[in-house]
Amino acid sequence: MRSFRDSDGDDVLLIMFILVAAIFGALAGICAVFVVFYVATQVVQRVRRAVLGLDEDGVSERMRRQLLSDDDSRQSYELGRAFERQYPYGSVNTQLTADQQTQIRERGVDAWEFVVSLDVNAMLQSRTEVLFMGGENCVQTNLPLPKNNSVYYFEMKIVEKPADVSMWIGLATKPYPAWRMTGWNRYSAGYCTNTGRVHQNSPFQGTHIGEQLLVGDILGVGYQPRSGIVWFTRNGRRYKEIVSGMLYDLFPTVSADGPCSFSANFGQRGFVFIEANVKRWGLGPIEGALQPPPIYGADQNTILLEVAATPSDDDADTDEPADTVIQIDTAAIVRPG
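Note that this is a predicted model, so its numbers are computed, not measured.

Asker: Give me the overall build of the protein chain: which residues, what numbers.
Answerer: Helix and strand counts for the protein chain stand at 7 helices and 14 strands. Counting only residues that meet the buried cut, the protein chain has 36% of its 337 residues in that class. Restricting the contact set of the protein chain to residue pairs at least 6 apart, pairs at least 24 apart contribute 64%. Within the structure as shown, the protein chain displays about 21,000 Å² of accessible surface, and the carbon and sulfur contribution to it stands at 58%.

Structure, rendered in structure tokens:
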């Protein structure tokens with residue numbers, strides 16, 4: 001005959017089993033609701049696109065014809081979409097390699113510089129200064145943003161820009177179409193200097209967040225790699241609006257539709273946005289671990305001078321003084337050309 005203690009123990013186990021089953025059932029129900037909601041959303045979007053004739057950007061054919069008013073813009077749009085299909089994200093490995101990480105440790109923030117390819121009508125004036133010569137062009141840095149810290153930040157100063165020329169400043173994956181504006185293609189976000197609108201993944205749907213930028217203005221771009229959030233500043237003032245979902249290997253990217261020039265600050269000098277200076281949000285340390293070469297020409301305490309001042313055994317056997325100057329007949333030297 002079972003005791004009361006055994007009966008109580010069985011009741012406790014039964015209650016615990018019921019509670020665990022109820023919890024797992026509730027979790028399974030919540031997951032099922034989310035799955036049904038996601039599937040229903042996708043179905044509704046596809047039906048809506050089919051009924052209204054919307055493309056992958058959510059734009060109808062009629063609206064697309066209005067926004068792409070000329071043949072050049074339509075061709076640029078179609079070529080940009082073809083580029084996306086040819087180079088989907090992940091088709092090219094853009095993560096920081098071991099050699100690139102070593103380069104960052106040795107050179108610090110100086111490891112970042114812009115690269116001007118042959119199909120871009122631009123000139124690299126210095127490592128961080130670019131002059132666009134005309135037409136629609138896009139340049140990116142050689143290295144992506146790291147992902148070790150919680151925030152990374154950089155600034156772009158507009159050096160020269162006519163009033164009818166627009167620049168798009170932001171972030172994009174690589175490879176990116178060399179003729180497309182930043183934010184117009186997938187996996188990119190860019191601030192338009194002439195409209196104050198931010199475009200993400202589409203040339204049609206932009207969000208107005210700020211003002212027009214003129215010569216001398218400085219646009220800052222902040223990136224939080226753990227959450228994929230991108231935000232912008234203008235002359236040291238941060239905008240409240242953000243761009244989300246940018247969980248990619250992102251490169252600082254600048255585009256323009258005409259002649260202009262800009263200068264980038266990745267942290268090699270002080271930022272206009274004070275908080276970025278205080279919290280050290282630059283792309284890397286100001287100084288790397290690579291030591292500069294020794295300075296030659298000092299009068300004392302240098303190994304090379306000490307060795308040169310010590311006469312060798314061969315010199316001691318000759319009568320020639322140690323400080324003899326050897327004369328070179330420069331006329332006998334054959335110069336190239």
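Asker: Can you break down a negative patch on the surface residue by residue, with the values?
Answerer: A cluster of acidic side chains, namely D70, D72, E136, D164 and D257, defines a negative patch on the protein surface. Examined against the element boundaries, D70 turns out to sit in the loop between α2 (61-67) and α3 (71-86).

Asker: Got a sec to walk through the sheet that holds strand β9 (residues 206-208)? Specific residues and values, please.
Answerer: What links the strands of a sheet is backbone hydrogen bonding, and the strands pair in either a parallel or an antiparallel sense. Strand order in this open sheet of 7 strands is β1-β4-β13-β6-β7-β8-β9, and the pairing throughout is antiparallel. Across the chains shown, the open sheet's two edge strands, defined by having one partner strand only, are β1 (114-115) and β9. The pairing of strand β7 (residues 188-192) with strand β8 (residues 197-200) spans 3 bridges and is antiparallel. Its bridge partner being in β8, A189 is matched across the sheet by Q200.

Asker: I'd like a rundown of the nonpolar core, residues and numbers included.
Answerer: Residues F114, F132, M156, F232, V254, F262 and F266 are the most contacted members of the largest nonpolar core, which totals 43 residues. When residues in this core are grouped by element, the largest group, 4 residues, is from strand β5 (residues 152-160). V151, Y153, F271 and W281 belong to the second largest nonpolar core, which has 8 residues in total.

Asker: Please give an account of the packing of aromatic side chains that cites residues and values.
Answerer: Across all of its chains, the model carries 19 aromatic pairs by this definition. Ring plane angle 90 degrees and centroid distance 6.1 Å describe the contact between F83 and W179, whose orientation is recorded as edge-to-face. Within this pair, whereas F83 is found in helix α3, its partner W179 is found in the loop between β6 (167-172) and β7, the two being separated by 96 residues in sequence. For W179, a relative accessible area of 26% corresponds to the partly exposed category. Between F114 and F262 the ring centres are 5.2 Å apart and the planes differ by 80 degrees, which places this aromatic pair in the edge-to-face class.

Asker: Give a description of the sheet that holds strand β10 (residues 218-224) that names residues and reports values.
Answerer: Taken in spatial order, the 7 strands make up an open sheet running β2-β3-β14-β5-β10-β11-β12, and their pairing is antiparallel. Looking at strand neighbours, the two that pair on one side only are β2 (122-126) and β12 (237-243), the edges of this open sheet. Neighbouring strand axes in the sheet, compared pairwise and without regard to direction, differ in orientation by 25 degrees on average. Relative to strand β11 (residues 229-234), β10 runs antiparallel, the two being bridged by 6 bridges. Residue pairing in the sheet places V221 in a bridge with F232 of β11.

Asker: Describe the side chain of S188, listing the residues and the values that go with them.
Answerer: Topologically, S188 is positioned in strand β7. A distance of 3.0 Å separates the side chain of S188 from the backbone nitrogen of G183, its partner in a polar contact. Setting aside residues up to four positions removed in sequence, S188 forms contacts with L171, A172, Y176, T182, G183, H199, Q200, N201 and M246.

Asker: Explain the environment of F273 residue by residue, including any values.
Answerer: With respect to the helices and strands, F273 occurs in the loop between β14 (260-265) and α5 (274-278). By relative accessible area, F273 is classed as buried at 6%. A C-alpha to C-alpha distance of 7.1 Å links F273 and N235, two positions 38 residues apart in sequence. Discounting residues that sit within four places of it in the chain, F273 has contacts with Y153, E155, W231, T233, G236, R238 and W281.

About the cut-offs
Chains are numbered independently. Their residues run from 1 in the order of the written sequence. Only residues with pLDDT of 70 or above have their local features reported here, since the model is predicted, and side-chain atom pairs are shown and tallied only from 80 upward, although totals for entire chains, interfaces and linings are computed over all residues. Side-chain numbers here rest on the full set of heavy atoms in the structure, without hydrogens or water. Runs of H or I in DSSP of at least four residues are treated as helices and runs of E of at least two as strands, each being numbered from the N terminus. The rule is simple: take the accessible area with a 1.4 Å probe, protein chains only, and divide by the maximum for that residue type; under 20% is buried, over 50% is exposed, in between is partly exposed. Pairs of residues are marked as contacts when any of their non-hydrogen atoms sit within 4.5 Å. Note on areas: Shrake-Rupley with a 1.4 Å probe; residue coverage comes only from the protein chains shown. The patches reported here contain residues having more than 30% relative accessible area and no salt bridge. Joining distances are 9 Å for like charges and 5 Å for nonpolar side chains (Val, Leu, Ile, Met, Phe, Trp, Tyr). When a carboxyl oxygen of Asp or Glu is within 4 Å of a side-chain nitrogen of Lys or Arg, the pair counts as a salt bridge. Neither His nor the chain termini are counted; the positive set is Lys and Arg, and the negative set is Asp and Glu. A charged residue contributes its charge at one atom only: NZ of Lys, CZ of Arg, CG of Asp or CD of Glu. Two strands pair under a simple rule: DSSP has to find at least two bridges between them. Put simply, a nonpolar core is a bunch of buried Ala, Val, Leu, Ile, Met, Phe, Trp, Tyr and Cys residues held in one set by side-chain atoms that sit within 4.5 Å of each other. What counts as a ring pair is set by centres within 6.5 Å for rings of Phe, Tyr and Trp (its six-membered ring), and what kind of pair is set by the plane angle: stacked under 30 degrees, edge-to-face over 60, tilted for all other angles. Each axis is a line fitted through C-alpha atoms, and for a helix only the stretch in contact is used; angles between axes span 0 to 180 degrees, taken between their N-to-C directions. Side-chain atoms alone can form a polar contact between residues adjacent in sequence; in general such a contact is a pair of N or O atoms within 3.5 Å, and within protein one must be able to donate a hydrogen while the other accepts it.

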